[in-house]
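Structure assessment
Here are the chains, one letter per residue:
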Amino acid sequence: MDRNKIKEKMYAKNYREKMTEHSRSGSFWSNRTPPPHQQPQPRSSSSYASLEMSTAPSSASPPSVFLGVDVDVGTGSARAGLFDEKGKLLGSSSSPIQIWKEGDCVEQSSTDIWLAICSAVKAACSLANVAGSEVAGLGFAATCSLVAVDSDGSPVSVSWSGDSRRNIIVWMDHRAVNQAERINSCNSPVLQYCGGGLSPEMQPPKLLWVKENLPETWSMAFRWMDLSDWLSYRATGDDTRSLCTTVCKWTYLGHAHLQQINERESRNMEACGWDDDFWEEIGLGDLVDGHHSKIGRSVAFPGHSLGSGLTATAAKELGLSAGIPVGTSLIDAHAGGVGVMESVPISDSSAEEFDPEGICHRMVLVCGTSTCHMAISRDRLFIPGVWGPFWSAMVPEYWLTEGGQSATGALLDFIIENHAASPRLANRAASQKTSIFQLLNRLLESMMLDHGSPFVAALTENIHILPDFHGNRSPVADPQAKGIISGLTLDTSEKQLALLYLATVQGIAYGTRHIVEHCNSNGHKIDTLLACGGLAKNPLFIQEHADITGCSIILPRESESVLLGAAILGAVAAKKYATLHQAMKALNAAGQIIHPSKDPKVARYHKAKYTIFRQLYEQQLAHRSLMAEALA
């Protein structure tokens, strides 16, 4: 047995011993689930040891608590949240996860993530005073990261280091830029459903990179899975993949099922949307073998009930009851879309109850480390440089258009943390028990008054930022794009940092405006934005987006929209709602609404800055061309 295989078996053995210490013994991948007990346990505030012995819910009085789990790279944590039948958050908790970053390579451990999930679920139940037996349904969401496991379910390293723990290539990993370029040069028909070309953040380029650079890993890997699919597989033993992950990140053609099935039938669909010619052409034809067993032999709509529900082993590890329905997963941003897209004022919601087009006028911004821009349509809309159209990838039987920015929260952190004034500001924020963003927002308000500026945004008249520090995902789809800052001086003060922060927020918002305008010029009719995620809690970030796009922005009542979206999957799997869309209408709720400024000077100012924003990229292309010619 080779050294890596020995390391993987030893790591799996150590993990099993660790789980045994916590009274969580048993096979990881058991497909056998004993019938659930019939006597429910009431809510209790007792220690969690009692929850591990809790029984499954009674069919006579089914509980109405839904559990959502999310793996969030931005916060570096696994998170769990419990919601009632009205979509109200009962309690949530998080547990840290490990991440390795080395150059373009970003990796994680599926074993570490599962342990963190177990911890987060137990803590959330304890905080919400909910017994494990009261959870009626469970759903998972996660970043679109690539997981490799062997035939025993043990991790297979995807790292140059050979460390068997590091079996996940994280979504933001850009090691496969060259592979993406080669794949895109083949001009396969499947590429038209990805905006014309694959991003290195998608799975085929990553898979090709592994095959070309880690042949031992390639031969050992028995399953390649999106992280959220791996989580549902780990929980149920059912290897049915989600239309969300396979369509959005693997080039699966979901619309192959258009005439075959509808959501209400809610059964496994034999995978018929793989384009075998594509995989052969790009050099990954071996993934076609075994009826695509390594990448997915069956798929299902988000929220489809998997297997026999939660296995006994997984239930014991999570402190829940065996047999709890588990819904087919979503990518985390798409779960945010499900958790917020119907968060409209009650009057609007009532008027649109039977209007299938009303939801098509909205775009969801899931604002975190990166930002995803999600819009749906009844018709298939091909938009150059924007991912999709993806059939049933988020809301079943609607086509999804997915724009995005690869670095938003990550970019703001980068700008702040690499400025000379950052340590002083961070210390002050800590002493005042506030965030550095709140301090910067207050500082900008003070500067506006001191300078006699007509509005806060005007402070950046001499600073312009192109935010493509991690490439451009949409709409120019250029992973080679770079960030630009125009207007730097030798000033290292906190005030100068505040201006750079504001200009960065504006640059991100101009990127959103570019995406919205591009989508609308290609068939969409977006006039309202809904925002969720960590950055949506920053009032400056949201107001600048409203002023720059000219759209009102609705914030959801519950700030944990990704967790709610995941919980909705569990509610649908538990048959509490006939369709995912019905569950969204029942559990989504609107909160604050932010309107764009009515001051014409604000609109005129942003129009000028937006023109400069667009010119910065054009200038970058010209510079690249000049340098390429000089080096030819």
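Residues numbered from 1 in each chain as written. Predicted model: local features only at pLDDT ≥ 70, side-chain atom pairs only at ≥ 80, totals over all residues. Heavy atoms only, no water.

Here is the rule we go by: UniProt positions are given in the numbering used here, feature names are shortened, and annotations may be inferred rather than shown by experiment.
Taking an unreviewed UniProt entry as the reference, the protein chain is identified by name as FGGY carbohydrate kinase domain-containing protein belonging to Kalanchoe fedtschenkoi. In its Sequence similarities (unreviewed entry) section, UniProt records this for the protein chain: "Belongs to the FGGY kinase family."

1. Comments concerning the pattern of salt bridges
This is how the line gets drawn: For this analysis, a salt bridge means a side-chain nitrogen from Lys or Arg found within 4 Å of a carboxyl oxygen belonging to Asp or Glu. Only protein chains enter the accessibility calculation, which uses a 1.4 Å probe; a residue is then buried when its area is under 20% of its type maximum, exposed when over 50%, and partly exposed in between.
Under the defined criterion, the tally for this structure stands at 22 salt bridges. Of the charged contacts in the structure, one is a salt bridge between Asp173 and Arg175, with a shortest N-O distance of 2.9 Å. With respect to burial, Asp173 and Arg175 carry one shared label: buried. A salt bridge links Arg428 to Glu494; the shortest N-O distance between them is 2.7 Å.

2. Some details on the packing of helix α13 (residues 409-417) against helix α15 (residues 436-451)
Rules: Helix axes use the C-alpha atoms of the stretch in contact, all axes being lines fitted to C-alpha atoms, and the angles between their N-to-C directions lie in the range 0 to 180 degrees. Numbered from the N terminus, helices here are DSSP runs of H or I no shorter than four residues, and strands are runs of E no shorter than two. Relative orientations are named as follows: roughly parallel for angles under 35 degrees, roughly antiparallel for angles over 145 degrees, roughly perpendicular for angles from 65 to 115 degrees, and oblique for any other angle. Contacts between residues were defined by any pair of non-hydrogen atoms, one from each residue, lying within 4.5 Å. Three residue categories are used. Nonpolar comprises Ala, Val, Leu, Ile, Met, Phe, Trp, Tyr, Cys and Pro, charged comprises Asp, Glu, Lys and Arg, and polar comprises the others, including Gly.
Where α13 contacts α15, the two axes come as close as 12 Å, and the packing angle between them is 75°. Relative to α15, the element α13 lies roughly perpendicular. On α15, the residues that touch Leu412, Asp413 and Ile416 of α13 are Ile436, Phe437 and Leu440. Each residue belonging to the contact of α13 with α15 can be placed in one class, and the counts come to five nonpolar, no polar and one charged.

3. Brief notes about the environment of Ala571
Among the structural elements, Ala571 can be located in helix α18 (residues 561-573). Here the alpha-carbon distance between Ala571 and Asp84, two residues 487 residues apart in the chain, equals 10.0 Å. Once residues within four sequence positions are removed from consideration, Ala571 is found in contact with Phe66, Lys576, Tyr577 and Leu587.

4. Considerations on unusual backbone geometry
The linkage connecting Gly388 with the following residue, Pro389, adopts the cis geometry, with an omega of 5°. Here the residue pair Ser474 and Pro475 is connected by a cis peptide bond, since its omega of -5° sits within 30 degrees of zero. With phi around 60°, Asn129 is a residue other than glycine that occupies positive phi space. If you trace the backbone, Asn129 turns up in the loop between α2 (110-128) and β6 (135-142). Assessed through its relative accessible area of 33%, Asn129 is described here as partly exposed.

5. Some remarks on the side chain of His334
By secondary structure assignment, the location of His334 is in helix α11 (residues 332-340). The exposure class of His334 is buried, given its relative accessible area of 1%. Non-local contacts of His334, meaning those with residues more than four positions away in its chain, are made with Cys244, Cys248, Met374, Ala393, Met394, Leu400 and Glu402.

6. Digging into the nonpolar core
Note the following rule: Among buried residues, those of type Ala, Val, Leu, Ile, Met, Phe, Trp, Tyr and Cys that are joined through side-chain atoms within 4.5 Å constitute a nonpolar core.
If you look at the biggest cluster of nonpolar residues, it comprises 93 residues, and the most contacted ones within it are Leu207, Trp224 and Trp279. In terms of nonpolar packing, the next biggest core, distinct from the first, is built from 50 residues, Leu500, Ala503, Val505 and Ile515 among them.

7. Side note on the sheet that holds β6
Selection criterion: By this definition, two strands are paired if DSSP reports at least two bridges between them.
Taken together, five strands build an open sheet; the order of strands is β3-β2-β1-β6-β13 and the sheet is mixed. Pairing within the sheet leaves two strands with one partner each, and these edge strands are β3 (89-96) and β13 (326-331). Within this sheet the neighbouring strands show an average axis-to-axis angle of 15°, counted without direction. The pairing of β6 with β13 spans four bridges and is classified as parallel. For Gly139, the partnering residue across the bridge sits in β13 and is Gly327. Strands β1 (65-72), β2 (77-83), β3 and β6 of the sheet are contacted by α2, whose axis makes an angle of about 150° with β3. Relative to β13, α11 is tilted by about 110°, and along the sheet it contacts β1, β6 and β13.

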